[in-house]
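Now for the letters of each chain:
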Amino acid sequence: MSEIVHINSLSYGSAGVGRLASGKAVFVDGTVPGDTLAIELVSDGKSYARGKVVEVVEASPDRVQPFCPYAGICGGCPWAQVSYETQLTAKRVNLVSNLTRIAGIDADAAENLTAECVPSKRRTGYRNKVELAVGRDGAGRIDLGFHQMASNKLIVPDQCPIAHDAIAKAPKALRGAVRFLNSRSDLGVFRVGVRHSLRTKSLEVALWTTPGPAPRAQIEKVVMDALHPTSIVRVLAEEGKARKVKKVEVLHGAGSWEEELSGFRHRVSAPSFFQVNTAQAEKLIALAMEGLELEEGDFVADLYSGVGSFTLPLAAAGCDVVAVESAGSSVRDLRRSADKYQLPIEVLGGDAARELPTLGGLDALVVDPPRAGLAKSVPADIAAAGPARVAYVSCDPATLCRDIARFAEVGYRPVRITPVDLFPQTYHCETVAILSRESR
């Protein structure tokens, strides 16, 4: 039995939010604020329900035609039916809501602290990276594609419109290549990564495989014919979330991907993290640098530094910089860049929470943690180091706001919070929060 529902907002997720006749909140995928829908319930919990669309009774004026036939099926573009202006508004609204609900900041203060969401010039064709999952089709042949939203089922599109044009058709091109190679011998492929730079034209294909022998010359020839990359590597690793890398074999070219970011040319190894929207990543860097109010000679730490997206600009600005990163490939990439640009950067390979107390007094700090945010002890350890300002770069508003509350307990308050849209057509959003030490 269906029920008529009006969608009022977008959640931090794939669903729009409305109210049932009972007043209970209901989450419905593929919807837009302003939609009036006939829905059927798929689950009904104590505090909220989930529904699916039976009919769009009246479409929102902010509803647009999705640019991809797999939108709403593949998990890559859950907001493809939402106008871009509405996406930006929703990302800011969700951040402000988390600031009040989780960080405990007054609603008016949260509004005043939070800047408008910085838009992306490219709304499709913005991703410099495509990650292809591996599965089998009905005939048992190897397939490449993307996981269906909230499922392990493999979707096998021929192209991905949010990727750079040069790699948008990689799913189809590499599907045939990997299928041919695997028909000759089992490669143990469980993932394929493709990176491209609009600025350097570098294009790398990384085949992630279980350890073992492989026909390297044949792989090089077939992949070259499929996509004409500048680099081909084979990453020997354990399958699973941890992806413990044993070795990276260079099959063609330099064995790394090159990208220009904020005036620096990075060589990035296949296992190393790099933001997927290069132009928007530069805006993160600019916001952090401006917010820290640096002076030449300041001692600055960059925690979870990765390949040095923030580290290199900090050192070039005349700061004395120590970078902390746990991923071995990223540590090596950053050390190589520091040597190339002759920047006096101390790079520590280790866990940020463990290394931070050993650094001593700091003038400023950048922290760019994974989605889980900071370990519980880290805000207090940062306060003990005494930086006047902290730039917290976050990919998750909930953990950011939890950590802002923890910073408040040790004397740091946010002075400016800026959402930056690195991921158009999705609910994901990066945020740069500048925190200042309160005067004592």
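Residues numbered from 1 in each chain as written. Predicted model: local features only at pLDDT ≥ 70, side-chain atom pairs only at ≥ 80, totals over all residues. Heavy atoms only, no water.

A. Geometry of the overall build of the protein chain. The secondary structure content of the protein chain amounts to 11 helices and 21 strands. For 440 residues, the compact-globule formula gives about 22 Å, and the C-alpha radius of gyration of the protein chain, at 23 Å, lands near that figure. For the protein chain, the C-alpha atoms occupy an extent of roughly 65 × 65 × 35 Å along the three principal directions. Residue burial in the protein chain is summarised as follows: out of 440 residues, 53% are buried. Restricting to contacts in the protein chain with at least 6 residues of sequence separation, those with at least 24 account for 61%. Split by element, the accessible area of the protein chain, about 19,300 Å² in all, is 50% carbon and sulfur. Computing the positive centroid from 51 side-chain charges and the negative centroid from 51, the protein chain places the two 6 Å apart. (Helix = DSSP H or I, 4+ residues; strand = E, 2+ residues; numbered from the N terminus. Rg over C-alpha atoms; globule rule 2.2 N^0.38 Å. Buried < 20%, exposed > 50% of the residue type's maximum accessible area, 1.4 Å probe, protein only. Contact = heavy atoms within 4.5 Å. Areas by Shrake-Rupley, 256 points an atom, 1.4 Å probe, with all protein chains shown as cover. Lys, Arg positive; Asp, Glu negative; His and termini not counted. Charge placed at Lys NZ, Arg CZ, Asp CG, Glu CD.)

B. Examining the layout of surface pockets more closely. The volume enclosed by the second largest pocket comes to roughly 340 Å³. Taken together, 14 residues line the second largest pocket, and the ones lying closest to its centre are Leu10, Ser11, Tyr12, Asn94 and Ser97. Looking at the lining of the second largest pocket, the element that brings in the most residues is helix α1 (residues 84-101), giving eight residues. (1 Å grid on protein atoms, 1.4 Å probe; cavity = no way out; pocket = protein on both sides within 12 Å on 5 of 7 lines; lining within 4 Å. Points joined across faces, edges and corners; volume = space filled by probe spheres on them.)

C. Summary view of the packing of aromatic side chains. In total, this model carries five aromatic pairs according to the counting rule given. Centre to centre, the rings of Phe407 and Tyr412 are 6.0 Å apart; their planes meet at 70°, and the pair counts as edge-to-face. Comparing Phe407 with Tyr412 shows no difference in burial state: the two are buried. Above the face of the Trp208 ring, Arg191 is positioned so that its terminal group lies 4.2 Å from the ring centre. (Phe/Tyr/Trp six-rings, centres within 6.5 Å; stacked < 30°, edge-to-face > 60°. Lys NZ or Arg CZ within 6 Å of the ring centre and 35° of its normal.)

D. Quick look at the sheet that holds strand β18 (residues 364-367). Spatially, the seven strands line up as an open sheet ordered β17-β16-β15-β18-β19-β21-β20, and their pairing is mixed. Of all strands in the sheet, those with a lone pairing partner are β17 (345-349) and β20 (412-420), marking the two edges. Each adjacent strand pair in this sheet contributes to an overall mean axis angle of 15°, direction not counted. Across five bridges, the pairing between strand β15 (residues 299-303) and strand β16 (residues 320-325) is parallel. Bridging from a neighbouring strand, Ala301 pairs with Val322 of β16. (Pairing = 2+ DSSP bridges. Axes fitted to C-alpha atoms, helices over the stretch in contact; angles between N-to-C directions.)

E. Molecular detail of the nonpolar core. The biggest cluster of nonpolar side chains holds 66 residues, and the ones touching the most others in it are Leu174, Val192, Val194, Val205, Phe310 and Ile345. Those residues within four positions of Phe310 in sequence are excluded, and the remaining contacts are Leu284, Ile285, Ala288, Asp302, Val366, Asp368 and Val393. By size, the runner-up hydrophobic cluster in this structure holds 34 residues, among which are Leu95, Ile105, Leu359 and Ile417. (Core = buried A, V, L, I, M, F, W, Y, C linked by side-chain atoms within 4.5 Å.)

F. Molecular detail of the pairing of strand β7 (residues 142-147). Counting buried residues along β7, five of its six residues qualify, which places the element largely inside the surrounding structure. Two strands pair when backbone bridges link them, and strand β6 (residues 129-136) and β7 are joined in this way by four bridges, in the antiparallel orientation. Of the residues in β7, the one forming a bridge with Val134 is Leu144. Following β6, the chain reverses through five residues before pairing antiparallel with β7; Gly140 in that reversal takes a positive phi of roughly 85°.

G. Quick peek at the pattern of salt bridges. Following the criterion strictly, the structure yields 25 salt bridges and no others. One salt bridge connects Glu293 with Arg389, and the closest N-O pair in it is separated by 3.6 Å. Note that Glu293 is positioned in the loop between α6 (278-292) and β15 and Arg389 in strand β19 (residues 389-394), a separation of 96 residues in sequence. For Glu293, a relative accessible area of 54% corresponds to the exposed category. Residue Asp403 is joined to Arg406 by a salt bridge in which the shortest nitrogen-to-oxygen separation is 3.6 Å. Placement of the pair is Asp403 and Arg406 together in helix α11 (residues 397-409), with a separation of three residues, close to one helical turn. (Salt bridge = Lys/Arg side-chain N within 4 Å of Asp/Glu carboxyl O.)

H. How the structure looks around helix α8 (residues 328-340). Here α8 is 13 residues long and its end C-alpha atoms lie 18 Å apart, about the 18 Å a rise of 1.5 Å per residue gives. For α8, every residue scored as buried is listed here: Ser329, Ser330, Val331, Asp333, Leu334, Ser337 and Ala338. Looking at the buried side of α8, the elements it contacts are β14 (264-268), α7 (311-316), β16 and β17. (Expected span 1.5 Å × (residues − 1).)

I. The packing of helix α4 (residues 170-184) against helix α5 (residues 216-227), seen in detail. Contact geometry for α4 and α5: axes closest at 9 Å, N-to-C directions at 155°. With respect to their mutual orientation, α4 and α5 come out roughly antiparallel. Between α4 and α5 the crossing geometry is right-handed. Here Ala170, Ala173, Leu174, Ala177, Phe180, Leu181 and Arg184 of α4 lie close against α5, whose contacting residues are Gln218, Ile219, Val222, Val223, Ala226 and Leu227. Per-class residue counts for the contact of α4 with α5 are 11 nonpolar, one polar and one charged. (Parallel < 35°, antiparallel > 145°, perpendicular 65-115°, else oblique. Left-handed = near helix turned anticlockwise from the far one by under 90°. Nonpolar A, V, L, I, M, F, W, Y, C, P; charged D, E, K, R; others polar.)

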